Amino acid sequence: ACTGIENIDEAITLLEQNNWDLVAAINGVIPQENGILQSEYGGETSHGPAYGPTSHSTAASSTPSSSSAFRYVVPSRQIVERQPRMLDFRVEYRDRNVDVVLEDSSTVGAIKHILENELQIPASKMLLKGWKTGDVDDSTVLKTLHLPKNNSLYVLTPDLPPPSSSHSGALQESLNQNFMLIVTHREVQREYNLNFSGISTIQEVKRNVYDLTSIPVRHQLWEGWPPSATDDSMTLAAAGLTFPCHRLTVGRRSSPVQTREQSEEQCTDVHMVSDSDGDDFEDATEFGVDDGEMFGVASSALRKSPMMPENAENEGDALLQFTAEFSSRYGDCHPVYFIGSLEAAFQEAFYGKARDRKLLAIYLHHDESVLTNVFCSQMLCAESIVSYLSQNFITWAWDMTKEANRARFLTMCTRHFGSVVAQTIRTQKTDQFPLFLIIMGKRSSNEVLNVIQGNTTVDELMMRLMAAMEIFSAQQQEDIKDEDEREARENVKREQDEAYRISLEADRAKREAQEREMAEQFRLEQIRKEQEEEREAIRLSLEQSLPPEPKEESTESVSKLRIRTPSGEFFERRFLASSKLQVVFDFVASKGYPWEEYKLLGTFPRRDVTQLDPNKSLLEVKLYPQETLFLEAKE
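Named according to an unreviewed UniProt entry, the protein is FAF1 factor originating from Ceuthmochares aereus.

## Some thoughts on the packing of aromatic side chains
The tally for this structure, following the rule as stated, stands at 20 aromatic pairs. With 5.5 Å between their ring centres and 90° between their planes, Phe322 and Tyr337 make a pair best called edge-to-face. One end of the pair, Phe322, is in helix H8 (residues 315-330); the other, Tyr337, is in the loop between H8 and helix H9 (342-350), and 15 residues separate them in sequence. With relative accessibility at 0%, the residue Phe322 sits in the buried group.

## Topic: the pairing of strand E17 (residues 598-602)
Taken across its five residues, E17 has four buried, putting it largely inside the fold. Pairing analysis gives five bridges linking E17 to strand E19 (residues 626-633), with the strands arranged antiparallel. Within the sheet, the bridge partner assigned to Lys599 lies in E19 and is Glu632. The pairing of E17 with strand E18 (residues 607-608) spans two bridges and is antiparallel. Residue pairing for E18: Gly602 is matched across the bridge by Arg607. The turn linking E17 back onto E18 is made up of four residues.

## Remarks on the confidence of the model for the protein
On average, residues of the protein score 79 in pLDDT, and 81% of them reach the 70 mark or higher. Every residue in residues 32-81 is under pLDDT 50, and counting partners more than four places away or in other chains gives 62 contacts. Under a pLDDT of 50 for its full length, residues 256-303 has, in the predicted model, 53 contacts with residues more than four places off or in other chains.

Rules used throughout
- Residues numbered from 1 in each chain as written.
- Predicted model: local features only at pLDDT ≥ 70, side-chain atom pairs only at ≥ 80, totals over all residues.
- Heavy atoms only, no water.
- Phe/Tyr/Trp six-rings, centres within 6.5 Å; stacked < 30°, edge-to-face > 60°.
- Helix = DSSP H or I, 4+ residues; strand = E, 2+ residues; numbered from the N terminus.
- Buried < 20%, exposed > 50% of the residue type's maximum accessible area, 1.4 Å probe, protein only.
- Pairing = 2+ DSSP bridges.
- pLDDT = per-residue confidence, 0-100.
- Contact = heavy atoms within 4.5 Å.

If you want it as structure tokens, here you go:
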């Protein structure tokens, strides 16, 4: 009553932000000068007027002896006593639908009692399903569930025998499934992917399509519904749709009184005020009465299409409809609205290079404000404003007309700008809209530079935009300087890192070359050692295989050979004259001079002994009784 906030989720959010301090929450919502609450302990009253018993005796009758620590002071506006909130329920049971209307102070058991009379089923046998908050019991008060005005439920009776078990089981399974309806808008050739639960009705689908296409339900011409879908109150589960996806086509039905071209040309800025939901007078055209002539109201009094669908899942699609509807109302000369989420607009405006950053302008539209049409047509669509916004701003828009869209934006605003900015927007009255928020991105937060209300002029709007741009330019120059210095430091660091990397690579290459060289030397050394070991083994084998040297006093013929090595050394040995020349070769090889590598040459006459037949005796090759030979390496 004090704040005018009817959304329970919004009220709970405010209380949580103020640690459930009721006084702080109310004083945060209503300006302090109104003096909503005052403490008896503080000794000071609020700055605003406190109304005494003469005007509101009941509200002001609190005395210092009251047990409460706070005294309620009635605000300047009259408080209307809260009327009971009525809730509508459509309850489905097998092939029947029952409509139930109850106050939100009633319980779930009251619904079952009404259904017991309608369906002739004991309440104890019913399971009431379809609650958004999970299962509830019969004593649960409807008010505590925070339900919307219109609700769809269904009844299960597991303890009662079904009329046809297979059909009932399939229907129950379909009720728990989600259907994807791919709806094609015939006139604009656009597809919408809509998700509905099995308990949703055909009428709900048509109403949602009306929000997207602006085609009233009574003017919708459909193609693709199954033949069994004969009643708009039928659920999608019972309609025989293709699961999981079903394609439909919708178009506008031509009026029998006027042509479609005439109907599309009729544009209006006047709202038709009615308590009906759009389906009243569904059959008016059957009596030859056109929409525009109903009740004597001209066609210009038809309501405008909404700027933005309510409860839009995708912000980009919502902004597409907003831009299209804005162009149809005010012309094509308007700011270029960013198509995407608010987070994406932040990325585009604030998180690029410092030279490319821009201010973010958020336009908050409200169809019920008397200032909206003038602000949009004369100020927001002025060429100077459009040009200046295009050059220096990223412009993002949102429609605050619908309560659900308003609550969604306030949630986004709290998350991105803080509760103070959200509270500022929340306290704006309808006639203060539209609003124009100028946002500047900073290193750690987003700052709201200005909140421009709709009661302004083109010159004042331009001056405030330019003033915000001056603040932004000064900040941008600092950011550019910091970015250039940071880039210079990073360039120096990159150059140092590159030089260090090149040095490391050179050292690694040098080290690898050294390791390869050492490995090659080690390999060669190993080969050399193996060869030496092999030679030594051969030498020892030859040495052991030599016949014993004959003595000087031997009675047999003995040949004495003196052999000179390439280094100038001599070694001598006696051989039997009957010994083969091969024995001499083995003796020389046992000294480390294999005959494969060395030649054994005679002196007089000079000859190559290694070319002689090794099987001949020393006597036969004339190396008897003595001979001097010398070794020479082969080429």
